[in-house]
Amino acid sequence: MLDRREMMKRAGTAALGAAAGLTSVRAFALDTMTLPFDNGERPLVKYPQKRPMIGLTSRPPQLETPFSIFNDGAITPNNAFFVRYHLADVPLDIDPDKFTLEVKGKVDRPLKLSLKEIRKLPAIELVAVNQCSGNSRGFFNPRVAGGQLANGAMGNARWRGVALKTILEKAGVQQGAKQVTFNGMDGPVSDKTPDFVKALDIDHARDGEVMLAYGMNGAELPVLNGFPLRLVVPGYYGTYWVKHLNEITVIDDVFDGFWMKSAYRIPDTPNNSVEPGTAPKATIPINRFTVRSFITNVIDGAKLKPGATKLKGIAFDGGKGIKEVAVSIDGGKTWTAARLGKDLGKYSFREWTLPVKLAAGSHELKVRATNNAGDTQPMDPLWNPAGYLRNVVETVRVTAA
Ligand SMILES: Nc1nc2c(c(=O)[nH]1)N[C@H]1C(S)=C(S)[C@@H](COP(=O)(O)O)O[C@H]1N2
Ligand SMILES: [Mo]
């Protein structure tokens, strides 16, 4: 366990600015919690606009959602939504009246749009999961380098904004355009660190669903989730969801910046996995989510009363939509289909429930989802050196007594 001083040190002293009506406030540590892997001790920290969250780093702030939140409903509240940054220079006092989005490169009409102008364009809304590529990395065996996250680097929200397609049409994409790059207002503290820039293929960028979002669950974006504007790339890992987005560039080649060419790559193999401990021969940029499902109302190691219990949880995938969730209470020998909850769209968490009867004794509860393309979850974990894409069938061990 960490002592108080160490907790304070780790919780850091990030001061958030006045942009979203925030006064300058320091984050402070409330308590600690322990994630279920070695070196899993974390401070619970309080940042402006956030409820107590699991602190991973303080400069930049990186916060994981306590897993119990996912049992409260299919939508993750803004104040419990995880936070991920790469670069320490995070823009915390953006003046929304001075903010502009620049659209440039291979376009007929380069644009500089204010937030007001962006909000006047036709709006779209969509419920979608945002999940960090490294969500659940802490469970990798052998362990891998990177943020040691449990299962809380994900969240599901109703996003509101303008289709990127609308903006690109306004700018007039030129013949021969291949990709679109996205840059946010945060930057590196040192010149040696490459700026965080991501790219999408032009057809993907124009699919009508990739969105510049200014709204999240009926409110503005929280500062730490990209205020005042962020990219939403439904079904794709969070790395593409560029926050504080202020620069869009249409290019006629394939972008070769560090965060596309060298980072966020997965093995170019059938399951995007390799033998544990080995390096892939060829890699591709990470893209869509793998299929995942969780039990949310019973935690590992729980003691329950024998008899009737209702299991409950969530499932999601990269955009085909969840077709079936099956649950086993005997360690995977037999499976029963769960009842699916309300369908909030193919990019959303899908809630599920299943009444079960537990005899006295120990039980291994497992949950496995299948999407509309027939993709499902492996019984044994797949491995890759960056600790991405984790989607093994989760096991919750309980004792009924
Ligand atoms: N500007 C900016 N946008 C960013 C990042 C970043 O470092 N800077 N990190 C990305 C990564 S890796 C993830 S997982 C998501 C996390 O979104 P969130 O912090 O709103 O949860 O933001 C993405 N957008
Ligand atoms: Mo991420």
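What comes next is a walk through the structure. None of the values given here were measured: they were computed from a predicted structure.

1. Notes on the overall build of the protein chain
Right, so step 1: A count of helical and extended segments in the protein chain gives five helices and 27 strands.
Right, so step 2: Taking 21 Å as the expected radius of gyration for a compact globule of 401 residues, we find that the protein chain reaches 21 Å, a close match to that expectation.
Right, so step 3: For the protein chain, the C-alpha atoms occupy an extent of roughly 70 × 50 × 40 Å along the three principal directions.
Right, so step 4: Within the protein chain, the proportion of its 401 residues that are buried is 53%.
Right, so step 5: Within the protein chain, residue pairs in contact and separated by at least 24 positions form 68% of the contacts whose partners lie at least 6 positions apart.
Right, so step 6: When the accessible surface of the protein chain is totalled, it reaches about 17,700 Å², and 49% of it is carbon and sulfur.
Right, so step 7: Side-chain charges of the protein chain comprise 52 positive and 40 negative groups, with the mean position of each set lying 4 Å from the other.

2. Notes on the site of ligand 1
Right, so step 1: By nearness alone, 19 residues border ligand 1, and Phe82, His86, Asp186, Arg230 and Lys243 come closest of all.
Right, so step 2: Interatomic distance of 2.6 Å between a side-chain N/O atom of Asp186 and a nitrogen atom of ligand 1.
Right, so step 3: At 2.4 Å from an oxygen atom of ligand 1 is found a side-chain nitrogen or oxygen belonging to Lys243.
Right, so step 4: Computed on the free molecule, ligand 1 has an accessible area of 530 Å², of which 100% lies beneath the protein chains in the complex.

3. Remarks on the side chain of Asn151
Right, so step 1: Secondary-structure assignment places Asn151 in the loop between β9 (124-131) and β10 (154-163).
Right, so step 2: Polar contacts involving the side chain of Asn151 include one to the side chain of Ser136, which spans 2.7 Å.
Right, so step 3: Ignoring sequence-local partners within four residues, the contact set of Asn151 consists of Glu64, Phe67, Phe70, Asn135, Ser136, Phe139, Arg292, Phe294 and Glu394.

4. Focus: empty space enclosed by the protein
Right, so step 1: Taken as a whole and assessed by the stated rule, the structure comprises one cavity of 30 Å³ or more.
Right, so step 2: Taken as a whole, the largest cavity holds about 230 Å³ of empty space.
Right, so step 3: Lining of the largest cavity is provided by 19 residues; of these, Arg84, Arg230, Gly238, Trp241 and Lys243 occupy positions nearest its centre.
Right, so step 4: Taken together, the residues of the lining of the largest cavity break down into eight nonpolar, seven polar and four charged.

5. Considering the sheet that holds strand β27 (residues 394-400)
Pairing between the strands of a sheet is mediated by backbone hydrogen bonds and can be parallel or antiparallel.
Right, so step 1: Spatially, the five strands line up as an open sheet ordered β20-β27-β26-β22-β23, and their pairing is mixed. Two strands close off the open sheet at either side, each with one partner strand: β20 (302-304) and β23 (336-337).
Right, so step 2: As paired strands, β20 and β27 are joined by three bridges and run parallel to one another. Opposite Ala302, over in β27, you have Val398 as the bridge partner.

6. As for the sheet that holds strand β3 (residues 28-34)
Right, so step 1: With antiparallel pairing, the four strands of this open sheet are ordered in space as β3-β4-β5-β6. Each edge of the sheet is formed by a strand with only one pairing partner; in this case those strands are β3 and β6 (61-64). Recorded for the sheet is a direction-independent mean angle of 45 degrees between the axes of neighbouring strands.

7. Concerning the nonpolar core
Right, so step 1: Among the nonpolar cores identified, the biggest contains 83 residues, and Leu101, Trp159, Leu164, Phe182, Leu212, Leu231 and Ile248 are the most heavily contacted of them.
Right, so step 2: Not counting the four nearest positions on each side in its chain, Leu212 is found in contact with Leu101, Arg160, Gly161, Val162, Leu164, Ile167, Leu229, Arg230, Leu231, Leu245 and Ile248.
Right, so step 3: By size, the runner-up hydrophobic cluster in this structure holds 21 residues, among which are Val298, Leu311, Ala315 and Val398.

8. A word on the layout of surface pockets
Right, so step 1: The computed volume of the largest pocket comes to approximately 790 Å³.
Right, so step 2: Pro36, Phe139, Asn151, Asp300 and Glu394 are, among the 30 residues lining the largest pocket, the residues nearest its centre.
Right, so step 3: In terms of residue count, β27 provides more of the lining of the largest pocket than any other element does, four residues in total.
Right, so step 4: Each residue belonging to the lining of the largest pocket can be placed in one class, and the counts come to 17 nonpolar, seven polar and six charged.

9. Notes on unusual backbone geometry
Right, so step 1: Following Arg59, the chain continues to Pro60 via a peptide bond in cis, the omega torsion being 0 degrees.
Right, so step 2: Within the secondary structure, Pro60 sits in the loop between β5 (53-58) and β6.
Right, so step 3: A cis amide bond links Asn141 with the next residue in sequence, Pro142, at an omega value of -5 degrees.
Right, so step 4: If you trace the backbone, Pro142 turns up in the loop between β9 and β10.
Right, so step 5: With phi around 75 degrees, Ser136 is a residue other than glycine that occupies positive phi space.
Right, so step 6: Relative to the assigned elements, Ser136 resides in the loop between β9 and β10.
Right, so step 7: Although it is not a glycine, Asn272 adopts a positive phi angle of roughly 55 degrees.

Here is what the cut-offs are and how they apply
Residues numbered from 1 in each chain as written. Chains lettered and ligands numbered in written order. Predicted model: local features only at pLDDT ≥ 70, side-chain atom pairs only at ≥ 80, totals over all residues. Heavy atoms only, no water. Helix = DSSP H or I, 4+ residues; strand = E, 2+ residues; numbered from the N terminus. Rg over C-alpha atoms; globule rule 2.2 N^0.38 Å. Buried < 20%, exposed > 50% of the residue type's maximum accessible area, 1.4 Å probe, protein only. Contact = heavy atoms within 4.5 Å. Areas by Shrake-Rupley, 256 points an atom, 1.4 Å probe, with all protein chains shown as cover. Lys, Arg positive; Asp, Glu negative; His and termini not counted. Charge placed at Lys NZ, Arg CZ, Asp CG, Glu CD. Near = heavy atom within 4 Å. Polar contact = N/O pair within 3.5 Å; in protein donor to acceptor, adjacent residues only side chain to side chain. 1 Å grid on protein atoms, 1.4 Å probe; cavity = no way out; pocket = protein on both sides within 12 Å on 5 of 7 lines; lining within 4 Å. Points joined across faces, edges and corners; volume = space filled by probe spheres on them. Nonpolar A, V, L, I, M, F, W, Y, C, P; charged D, E, K, R; others polar. Pairing = 2+ DSSP bridges. Axes fitted to C-alpha atoms, helices over the stretch in contact; angles between N-to-C directions. Core = buried A, V, L, I, M, F, W, Y, C linked by side-chain atoms within 4.5 Å.

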